[in-house]
Amino acid sequence: MQRLDKRLADTGRWSRKQARQLIRAGRVEVAGQVCRAPEQKVDGQAPVRVDGTDIGGAGPVYLMLYKPAGLISATRDAGQETVLHLLPQRYRRMGLFPVGRLDKDTEGLLLLTNDGPLAHRLLSPRSHVDKVYYVEVDGVLDEGDCRAVAAGLALPDGLACLPGRLELLEGGGRGYLTLQEGKYHQVKRMMLALGKPVRYLKRVGFGPLILDEELGKGGWRALTQLEIQALFGQ
Ligand code: URA
């Protein structure tokens, strides 16, 4: 059950204030009956119409965004542009937030949703969600680094990392790093502990999601039904 004004505002088409005005003006019907009470609780399945037009389902929203460098992974910031600025206005009113954070200079896959319980579950260490990063470092990554990562690095600042997986790519200073945790600056701190500071970092995988490179930096799209189902199966 959800307040009627919130149900309207969650579509992103009206602000909460505009929704209240529409409702009080008698322009909103719930299951065929005019309802003038913004606080009225409505079932998520109940058909809601504004001026006779159905507003659609009340379901949560799941978007994949290709974060470019230069934006912060927050919902609002007094001074800086956030990833939400990449979305059309209608999405900005839906209470979307990024599931986990990428540093300002990190690129790649961000899941945005307004589904709090799912986000909570995906971020819980108990869910063991794989985060896959493409990383370029100063220096040459080698088998010793792979073994150290697989054993669980102990960082000089005291962080004991869970075992991860480092796969080397041709060229020496490049690889894929898979982690099941996401501590602050974790990849950068791990690479620094190996003596090979990060030059470039991009997340390419998050659980069952794989970055859709066709989006291009700054691009976004709704998740497919299959992707959503896979997230719930995570
Ligand atoms: N690890 C980092 O160091 N930075 C990120 O943005 C993500 C993981």
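Structure first, text after, so check above.
Note that the structure is predicted; figures quoted are calculated from it, not measured.

## Some thoughts on the pattern of salt bridges
In this structure the tally under the stated criterion is 16 salt bridges. Two residues, lysine 188 and aspartate 105, come together in a salt bridge whose shortest N-O distance is 2.7 Å. Taken together, the positions of lysine 188 in helix α6 (residues 186-193) and aspartate 105 in the loop between β8 (97-98) and β9 (107-113) put the pair 83 residues apart, joining distant regions of the chain. A salt bridge links lysine 196 to aspartate 145, with the shortest nitrogen-to-oxygen separation between them at 2.6 Å. With a gap of 51 residues between them, lysine 196 in the loop between α6 and β13 (198-206) and aspartate 145 in helix α5 (residues 143-151) connect regions that are remote in the sequence. Across this residue pair, the class does not change: lysine 196 and aspartate 145 are buried. A network of salt bridges, in which partner residues are shared, links Arg3, Asp5, Arg16 and Arg20.

## Quick word on the layout of surface pockets
Here the largest pocket defines a volume of roughly 580 Å³. Lining the largest pocket we find 28 residues, and of these Arg101, Tyr133, Gly182, Lys183 and Tyr184 sit closest to its centre. Going through the elements one at a time, α4 (116-123), β10 (131-137), α6 and β13 are the ones with two or more residues in the lining of the largest pocket. For the lining of the largest pocket, the class distribution of residues is 12 nonpolar, 8 polar and 8 charged.

## Some remarks on the nonpolar core
Residues Leu87, Leu96, Leu177, Val187, Met190 and Met191 are the most contacted members of the largest nonpolar core, which totals 31 residues. Those elements that provide at least two residues to this core are β7 (62-67), β9, β10, α5, β12 (174-179) and α6. Once you skip the residues sitting within four places of it in the chain, leucine 87 turns out to touch Leu63, Leu65, Arg92, Leu96, Leu112 and Trp220. Listed in part, the 17 residues of the second largest apolar core include Tyr62, Met64, Leu109 and Phe206.

## Brief notes about the packing of aromatic side chains
For any pair of aromatic rings, geometry is given as the distance between the ring centres together with the angle between the planes. Evaluated as defined, the whole model comprises 3 aromatic pairs. Judged by centre distance (6.1 Å) and plane angle (85°), the rings of tyrosine 62 and phenylalanine 232 are edge-to-face. Here tyrosine 62, found in strand β7, pairs with phenylalanine 232, found in helix α7 (residues 225-233); they are 170 residues apart in sequence, far enough to count as distant. Judged by its relative accessible area of 40%, phenylalanine 232 falls in the partly exposed class. Here the aromatic cluster, defined as three or more aromatic residues joined through ring pairs, consists of Tyr134, Tyr176 and Tyr200.

Analysis parameters
- Residues numbered from 1 in each chain as written.
- Predicted model: local features only at pLDDT ≥ 70, side-chain atom pairs only at ≥ 80, totals over all residues.
- Heavy atoms only, no water.
- Salt bridge = Lys/Arg side-chain N within 4 Å of Asp/Glu carboxyl O.
- Helix = DSSP H or I, 4+ residues; strand = E, 2+ residues; numbered from the N terminus.
- Buried < 20%, exposed > 50% of the residue type's maximum accessible area, 1.4 Å probe, protein only.
- 1 Å grid on protein atoms, 1.4 Å probe; cavity = no way out; pocket = protein on both sides within 12 Å on 5 of 7 lines; lining within 4 Å.
- Points joined across faces, edges and corners; volume = space filled by probe spheres on them.
- Nonpolar A, V, L, I, M, F, W, Y, C, P; charged D, E, K, R; others polar.
- Core = buried A, V, L, I, M, F, W, Y, C linked by side-chain atoms within 4.5 Å.
- Contact = heavy atoms within 4.5 Å.
- Phe/Tyr/Trp six-rings, centres within 6.5 Å; stacked < 30°, edge-to-face > 60°.

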